[in-house]
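Coordinates in review
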2 protein chains.
Amino acid sequence: MTITQNIKVAVDAVVFGYNSTDGLSILLIKRKSDTFHGTWALPGGLVHEGESLEQAVTRELNEETGVSINYLEQLYTFGKPERDPRNRVVSVAYYGLVKPDIFKLKAATDASDVAWFEVKRLPTLAFDHNEIISEAIKRLKGKITYEPIGFELLDEKFPFSELEKLYMTVLDRPLDRRNFKKKIMKFGFLEETKEKQNLSGAGRPGNLFQFNQEKYFQLKKEGINFEI
Amino acid sequence: MTITQNIKVAVDAVVFGYNSTDGLSILLIKRKSDTFHGTWALPGGLVHEGESLEQAVTRELNEETGVSINYLEQLYTFGKPERDPRNRVVSVAYYGLVKPDIFKLKAATDASDVAWFEVKRLPTLAFDHNEIISEAIKRLKGKITYEPIGFELLDEKFPFSELEKLYMTVLDRPLDRRNFKKKIMKFGFLEETKEKQNLSGAGRPGNLFQFNQEKYFQLKKEGINFEI
DNA sequence: ACAAAAGTGTTCGTCATACACCCATGT
DNA sequence: ACATGGGTGTATGACGAACACTTTTGT
């Protein structure tokens with residue numbers, strides 16, 4: 001008995017961007033095809049025959065949003081039979097992080113069909129995309145506490161308070177400034193530069209810090225264990 | 001432009017069993033079809049049109065091994081274009097845990113096409129199944145340290161030393177008996193029964209313990225955080 | 001009596017937590 | 001001068017790590 005299976009394979013991407021004024025945001029597109037026409041949805045689409053899943057995600061992101069991703073990781077595969085009303089589609093979801101300069105596309109491209117939405121103010125999305133996003137947020141929260149991926153959402157160099165605010169935003173709880181700094185600096189992969197933040201409004205400008213990835217890999221090999 | 005995609009969707013299962021003499025083992029089947037004929041492989045197969053991914057896994061496990069699973073969780077989706085030499089197959093891998101009484105099928109069914117292999121002594125498998133297994137082991141190691149899923153590999157009631165040995169086997173490092181017990185008991189979801197282990201050879205028989213799942217859920221809701 | 005496994009408490013060091021004042025800059 | 005955010009140290013408590021002897025059973 002040969003089973004003729006007719007299931008489509010798609011990928012979807014939950015792309016996170018961050019800045020300290022808008023908090024954590026997600027990249028969405030407005031659908032043009034019949035099903036869920038005009039509804040906001042995650043960027044994504046069917047996988048092509050010859051490409052890997054990762055290639056499919058980056059291609060779709062490029063085609064649909066023009067955004068190039070910085071950190072990408074597989075999230076979960078969603079496969080309920082009825083998740084797509086047209087026909088059976090199994091979707092492999094990924095989540096990704098982009099740096100602030102890419103996130104700034106916020107107002108740039110004509111925002112009629114691609115836009116960033118703050119995590120706190122998401123619209124109702126097509127398919128099961130709201131569910132996918134809530135899984136992605138859960139995963140990001142977890143991951144950020146035991147792998148230093150927070151840096152992937154910040155500029156090369158950033159004032160320490162940015163990192164702190166990022167963690168508080170993502171984890172959605174207050175963190176003591178001094179204890180947080182002590183903990184992070186103790187690991188040894190965050191370097192203090194001699195540059196200062198160029199002043200934005202009031203307050204004392206902070207020193208800029210940068211993440212040393214090589215040092216982190218080295219420390220990780222030696223058996224560091226990062227945890228917030 | 002319509003894309004006519006012809007990718008198959010399969011599921012594969014890494015089923016773990018445990019006992020203190022053989023350690024951690026995985027359930028494998030010997031392939032009967034042409035490709036990789038006679039090679040050991042993970043149980044699994046194509047997803048049917050109307051069923052969910054989880055249903056597909058449990059169905060395949062039932063058909064191919066007769067084993068009914070106790071704890072099941074999605075692991076990762078493997079989708080490299082060349083991972084199946086025949087045609088493109090994207091496989092959603094799951095991992096599962098079974099209780100010792102099911103694990104005992106070891107010698108039971110005529111072991112010519114279904115068998116348990118100790119994790120330390122795995123053969124070379126079909127497709128990318130060795131890779132899938134090594135991901136599963138990595139995941140199990142991680143998961144067992146922050147969720148009490150170890151109990152899913154033990155009988156309802158077990159002597160404390162079994163739990164201890166299980167953790168040492170999975171984590172592949174020694175654990176101090178007293179510290180481990182203190183830590184586990186402090187959580188409050190492990191109950192000491194008044195029964196004693198029925199003697200197996202020499203040594204003082206230990207008391208039997210049982211995991212109280214309801215209590216665990218309750219504690220989890222209150223914000224416990226389990227960690228070894 | 002001996003071998004094998006179970007049971008049990010204390011000490012020490014490290015790390016998490018809580019907490020408040022001064023400094024540099026813009027307005 | 002004042003408002004805003006940056007920078008920093010100490011004291012206390014909790015928890016993880018290290019560690020050895022006694023008890024119960026089978027042989």
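As a reminder, the structure under discussion sits directly above these lines.
Conventions and cut-offs
- Residues numbered from 1 in each chain as written.
- Chains lettered and ligands numbered in written order.
- Predicted model: local features only at pLDDT ≥ 70, side-chain atom pairs only at ≥ 80, totals over all residues.
- Heavy atoms only, no water.
- Helix = DSSP H or I, 4+ residues; strand = E, 2+ residues; numbered from the N terminus.
- Contact = heavy atoms within 4.5 Å.
- Areas by Shrake-Rupley, 256 points an atom, 1.4 Å probe, with all protein chains shown as cover.
- Lys, Arg positive; Asp, Glu negative; His and termini not counted.
- Charge placed at Lys NZ, Arg CZ, Asp CG, Glu CD.
- Near = heavy atom within 4 Å.
- Polar contact = N/O pair within 3.5 Å; in protein donor to acceptor, adjacent residues only side chain to side chain.
- Nonpolar A, V, L, I, M, F, W, Y, C, P; charged D, E, K, R; others polar.
- Buried area = accessible area lost by both parts, 1.4 Å probe.
- Salt bridge = Lys/Arg side-chain N within 4 Å of Asp/Glu carboxyl O.
- Least-squares fit on C-alpha atoms with pLDDT ≥ 70 in both.

So, on to the overall build of chain A. The helix and strand inventory of chain A stands at seven helices and 10 strands. Considering only C-alpha atoms, chain A reaches an extent of 65 × 40 × 30 Å along its principal axes. The contacts in chain A between residues at least 6 apart in sequence include a share of 67% that link residues at least 24 apart. Accessible surface, chain A as shown: approximately 11600 Å² in total, 49% of it carbon and sulfur. Across chain A, the centroid of the 33 positively charged side chains sits 7 Å from that of the 33 negatively charged ones.

Moving on: the protein's contact with DNA strand C. Taken together, 20 residues lie near DNA strand C, and Leu199 of chain A together with Ser161, Arg177, Lys182 and Asn207 of chain B sit nearest. The sugar-phosphate backbone supplies 41% of the atoms of DNA strand C found within 4 Å of the protein. In this structure, arginine 177 of chain B approaches DNA strand C through a side-chain N or O atom, which is 2.7 Å from a base nitrogen. Here a base oxygen of DNA strand C sits 2.9 Å away from a polar atom, N or O, in the side chain of lysine 182 of chain B. Looking at the surface near DNA strand C, the elements with two or more residues in it are α6 (177–187) of chain A together with α6 (177–187) of chain B. Class assignment for the residues of the surface near DNA strand C results in three nonpolar, seven polar and 10 charged.

To continue, consider the interface of chain A and chain B. The interface is formed by 26 residues belonging to chain A together with 26 residues belonging to chain B. Taken together, the two surfaces of chain A and chain B that pack against each other cover about 2300 Å², and 48% of this comes from carbon and sulfur. Contact with chain B buries area across many residues of chain A, yet Gln5, Glu49 and Gln74 of chain A alone supply 26% of it, more than any other trio. For the interface between chain A and chain B, the tally reads zero salt bridges. Secondary structure elements with two or more residues in the side of chain A that touches chain B: β1 (8–19), α1 (53–65), β5 (71–78) and β6 (89–97) of chain A.

Attention now moves to the protein's contact with DNA strand D. Among the 20 residues in the neighbourhood of DNA strand D, the closest are listed as Ser161, Arg177, Lys182 and Gly203 of chain A together with Leu199 of chain B. Restricting attention to atoms of DNA strand D within 4 Å of the protein, one finds that 39% of them are sugar or phosphate atoms. Lysine 181 of chain A is positioned with one of its side-chain polar atoms (N or O) 3.4 Å from a phosphate oxygen of DNA strand D. Among the secondary structure elements, those contributing two or more residues to the surface near DNA strand D are α6 of chain A together with α6 of chain B. Of the residues that constitute the surface near DNA strand D, the class distribution is three nonpolar, seven polar and 10 charged.

This part is about the relation of the copies chain A and chain B. Between chain A and chain B, the superposition needs a rotation of 180 degrees and an axial shift of 0.0 Å, giving an RMSD of 0.0 Å. Overall, the copies show the geometry of a two-fold rotation axis. Interface residue correspondence from chain A to chain B reaches 100%, placing this contact among same-surface, isologous pairings.

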